Amino acid sequence: MTLPGPFGTPSRLTAAVLAVVAVLVVALLGAGLAQTGTGELRIPADGTTTLLRLLVLTGLAVHAGELAGNRLARAGPRPRAWSAPAALLAAAASAGLLLLFAAVSGLGPAVAYGLREGRLLLVTANAFVLAALCAASRRPALAVVPLALAVVAEAMRAHPETYQPLVGASLTVVHLTAASLWAGTLLYVLRTMRLRGGGRDVLVRYARMAAWVYAALAVTGTLSTLRRLPPDAVLSTAYGRILLVKLVLFGGASLLALAARGRMLSGGNAQAPARVEVSVLAAIVVVSALLTVVPDPHGIVP
């Protein structure tokens with residue numbers, strides 16, 4: 001029996017449900033588990049914060065990937081647009097983070113809006129609302145501007161430290177943009193290929209773009225790790241432990257990307273490894289959300 005809708009078969013529906021449950025468990029419990037035995041102070045509402053940040057990162061990746069994927073798809077049928085709902089989801093999650101920040105801090109909304117964290121979250125929420133409006137307009141490509149604003153605001157929020165904050169924020173802008181393009185564009189390309197029953201040319205164009213995106217990710221990720229994570233804090237801090245998990249997943253995604261590229265160059269079917277790759281990239285997004293919640297090891301380890 002085939003189910004109606006995007007899942008197709010009961011096995012796919014079951015897999016989707018299990019995936020959602022796994023994401024919720026990791027998002028809600030991951031930070032606490034990573035901090036076990038580290039002596040670090042628990043971040044208030046870390047599970048809820050992780051889940052909301054995950055929604056922000058997901059909305060950004062889906063919208064940015066659709067913008068890039070539309071250019072790669074060129075002529076031919078295109079899948080249903082997800083950009084407007086994704087941007088609205090990210091906007092709602094950003095607003096939720098702002099309300100959570102006010103609640104955890106014990107501050108009124110007016111006071112929370114006036115603080116640096118509150119202002120940046122408000123900018124992010126408004127930027128995603130503008131992106132959604134652009135996506136629903138006749139010129140959806142205009143959403144690039146508010147999405148870029150959201151990325152800059154998130155990068156500034158993630159680097160409130162006094163040691164070279166502009167360097168850290170700049171690295172995060174490039175890293176977050178590249179990560180969103182890698183995962184989001186691959187998702188859109190696979191949806192396009194499924195709709196067209198082929199579309200190898202779209203995957204070829206994506207592979208060319210992905211090479212540059214991968215290089216940007218590797219360079220900025222390495223530099224960010226070197227400046228933020230002391231070598232003796234890799235196993236003794238939650239940040240270091242989660243980063244190790246992210247590096248393992250990144251290595252797996254890299255191997256899958258190489259496998260897909262090899263099959264594509266040899267004329268084989270590259271969709272199978274590409275589908276697994278996008279699943280691994282989704283796991284990386286979850287782990288990245290956890291990294292934004294745990295304490296900064298630079299301020300813990302002397």
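Residues numbered from 1 in each chain as written. Predicted model: local features only at pLDDT ≥ 70, side-chain atom pairs only at ≥ 80, totals over all residues. Heavy atoms only, no water.

Student: Describe the packing of helix α5 (residues 116–135) against helix α6 (residues 144–158), listing the residues and the values that go with them.
Tutor: Remark: α5 packs on α6, axes separated minimally by 8 Å, with the N-to-C direction vectors making an angle of 160°. The angle between α5 and α6 places the two elements in the roughly antiparallel class. Along this stretch, α5 crosses α6, giving a crossing that reads as left-handed. Residues R116, E117, L120, L121, V123, T124, A127, F128, L130, A131 and C134 of α5 form the contact with α6, whose own contacting residues are P146, L147, L149, A150, A153, E154, M156 and R157. Among the residues making up the contact of α5 with α6, the classes are represented as 14 nonpolar, 1 polar and 4 charged. (Axes fitted to C-alpha atoms, helices over the stretch in contact; angles between N-to-C directions. Helix = DSSP H or I, 4+ residues; strand = E, 2+ residues; numbered from the N terminus. Parallel < 35°, antiparallel > 145°, perpendicular 65-115°, else oblique. Left-handed = near helix turned anticlockwise from the far one by under 90°. Contact = heavy atoms within 4.5 Å. Nonpolar A, V, L, I, M, F, W, Y, C, P; charged D, E, K, R; others polar.)

Student: Tell me about the environment of T50, and please be specific about residues and values.
Tutor: Assignment of secondary structure puts T50 in helix α2 (residues 46–73). Taking the C-alpha atoms as reference points, T50 and G30, 20 residues apart in sequence, are found 8.8 Å from one another. Dropping the residues within four chain positions of it, T50 is found in contact with A27, A289, L290 and V293. Here the side chain of T50 touches D46 through a polar contact of 2.8 Å, landing on its backbone oxygen. (Polar contact = N/O pair within 3.5 Å; in protein donor to acceptor, adjacent residues only side chain to side chain.)

Student: Pulling in residues and values, what's your account of α2?
Tutor: Taking 1.5 Å of rise per residue, 28 residues should cover 40 Å, and α2 covers 39 Å from first to last C-alpha, within 8% of that figure. Of all 28 residues making up α2, 22 are buried, and the element is well covered by its neighbours. Directly after α2, the chain includes R74, whose backbone phi takes a positive value near 55°. (Expected span 1.5 Å × (residues − 1). Buried < 20%, exposed > 50% of the residue type's maximum accessible area, 1.4 Å probe, protein only.)

Student: Kindly report on the side chain of Q35, identifying the contributing residues and their values.
Tutor: Here Q35 lies in the loop between α1 (10–34) and α2. By relative accessible area, which is 5% here, Q35 ends up buried. Not counting residues up to four positions away in its chain, the partners in contact with Q35 are E40, L41, R42, I43, D46, A238, R241 and P295.

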